[in-house]
Amino acid sequence: MQKKTWVPLLCAAFAGLADAAVVAKAVPYEIDGEAFEGVLLYDDSVTTPRPGLLAIPNWMGVNDDTVAKAARAAGSRYVVFLADMYGKAVRPSNADEARAAATSVRADRALMRRRAQAAVEVLRAQGDEVALDTRRLGAIGFCFGGGAVLELARSGAPLQGFVSFHGNLDTPNPADAKNIQAPVLVLHGADDPAVPQAQVDGFVAEMKAAGVDWQLVSYGGAVHSFTDPKANVPGRNQYHPVVAARAFKAMNDLFDEVFAEP
């Protein structure tokens, strides 16, 4: 992706954003000398400082679809930075390539955390460019990205909230949950075959053992990728517009709480 600037994304296709025009701009950065490129999203008609969200995409990484998903999250409420978890040279074009890229990162949780932490700092630095309140930052993620956000939380990242949408819940380091500094919200499809009940039970036990402020919302009738309008594999990966709307509302409710002015 050559310093691409997405044209303003008119997100009328997404519930709740019919009037919002979200600008999306490519942001190059480096981690350990390697080139990465994420996308900054914000409604440029809003001039007052807004909270910021790091968004980690699904296993397809940074592409038009995941930019649109991040735009839905941004609306006029937040400045969102969509992280690049693979490096600028890796842009999966199909499920096999995405699986290979995601598996490589998931196999090295220290690397996953380092890349997520670096993206937080890129988001924080955008306060010089847009109306961003750097005192109020959170993180969200989808599928692979949901699992990455939970690893970011387990790393002790000093953010104010963490939200996983249909993400993986397992970790090789459950004791690290003691490092979590802010509320965790997991939005889960009750019938998701990619996240079996044993994984859910392990996550619950992990959160309880660490005394974390956590919530897990399990949506009946929803499977994996329920926020993805293009997911259409019944019983496995399928868009559920009603559940998606409920999940984004739950996200906003949490951030309204944690970002409230004292």
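Residues numbered from 1 in each chain as written. Predicted model: local features only at pLDDT ≥ 70, side-chain atom pairs only at ≥ 80, totals over all residues. Heavy atoms only, no water.

A. Focus on the overall build of the chain. The helix and strand inventory of the chain stands at 6 helices and 11 strands. Scaling as 2.2 N^0.38, a compact globule of 262 residues should have a C-alpha radius of gyration of about 18 Å, and the chain matches this with 17 Å. With the C-alpha coordinates aligned to their principal axes, the bounding extent of the chain is approximately 45 × 40 × 40 Å. Out of the 262 residues in the chain, the part that is buried amounts to 55%. Long-range pairs, those at least 24 residues apart, make up 66% of the contacts in the chain with a sequence separation of at least 6. (Helix = DSSP H or I, 4+ residues; strand = E, 2+ residues; numbered from the N terminus. Rg over C-alpha atoms; globule rule 2.2 N^0.38 Å. Buried < 20%, exposed > 50% of the residue type's maximum accessible area, 1.4 Å probe, protein only. Contact = heavy atoms within 4.5 Å.)

B. Representation of the side chain of glutamate 206. Within the secondary structure, glutamate 206 sits in helix α5 (residues 197–210). Discounting residues that sit within four places of it in the chain, glutamate 206 has contacts with Arg154, Leu169, Thr171, Pro174 and Ala177.

C. The arrangement of the nonpolar core in detail. Ranked by size, the top nonpolar core spans 47 residues in total, and within it Leu54, Phe81, Leu152 and Phe162 carry the most contacts. In terms of nonpolar packing, the next biggest core, distinct from the first, is built from 33 residues, Ala70, Phe165, Ala222 and Phe255 among them. (Core = buried A, V, L, I, M, F, W, Y, C linked by side-chain atoms within 4.5 Å.)

D. Structural view of the pairing of strand β8 (residues 184–189). Within β8, 6 of the 6 residues are buried, leaving the element largely enclosed by the surrounding structure. Because side chains alternate across β8, one face comprises the buried residues Val184, Val186 and His188, and the other comprises Leu185, Leu187 and Gly189, equally buried. Inspection of the sheet shows β8 paired to strand β9 (residues 214–219) by 6 bridges, in the parallel sense. Note on β9: the bridge partner recorded for leucine 185 is glutamine 215. Traced from β8 through α5 to β9, the parallel crossover comes out right-handed. (Pairing = 2+ DSSP bridges. Right-handed = clockwise from strand over helix to strand, strands pointing away.)

E. Inspection of the pairing of strand β7 (residues 162–165) at higher detail. Side chains Phe162 and Ser164 of β7 all project onto a buried face; the interleaved residues Val163 and Phe165 project onto the opposite face, where all are buried too. The sheet contact formed by strand β6 (residues 132–142) and β7 spans 4 bridges and is parallel. Within β7, the residue paired with phenylalanine 142 across the bridge is phenylalanine 165. Viewed along the sheet, the connection from β6 through helix α4 (residues 144–154) into β7 turns out right-handed. Relative to β8, β7 is paired through 4 bridges, and the arrangement is parallel. Within β8, the position partnered with serine 164 by the bridge is valine 186.

F. How the structure looks around the packing of aromatic side chains. Throughout the structure, instances matching the rule amount to 10 aromatic pairs. A ring pair is formed by phenylalanine 142 and phenylalanine 248, whose centres lie 6.2 Å apart and whose planes are at 40 degrees; its orientation type is tilted. Taken as a pair, phenylalanine 142 in strand β6 and phenylalanine 248 in helix α6 (residues 241–258) lie far apart in primary sequence, 106 residues in all. Like phenylalanine 248, phenylalanine 142 is buried. Here the aromatic rings of phenylalanine 203 and tryptophan 214 are separated by 6.3 Å at their centres, their planes lie at 90 degrees, and the arrangement is edge-to-face. Placement of phenylalanine 203 in helix α5 and of tryptophan 214 in strand β9 is noted, with a sequence separation of 11 residues between them. Using a relative accessible area of 1% as the deciding quantity, one classes phenylalanine 203 as buried. On the accessibility criterion, tryptophan 214 (25% relative accessible area) is partly exposed. Over the ring of phenylalanine 142 we find lysine 69, and its NZ or CZ is 4.4 Å from the ring centre. (Phe/Tyr/Trp six-rings, centres within 6.5 Å; stacked < 30°, edge-to-face > 60°. Lys NZ or Arg CZ within 6 Å of the ring centre and 35° of its normal.)

Shape is all these values report; function is a separate question.
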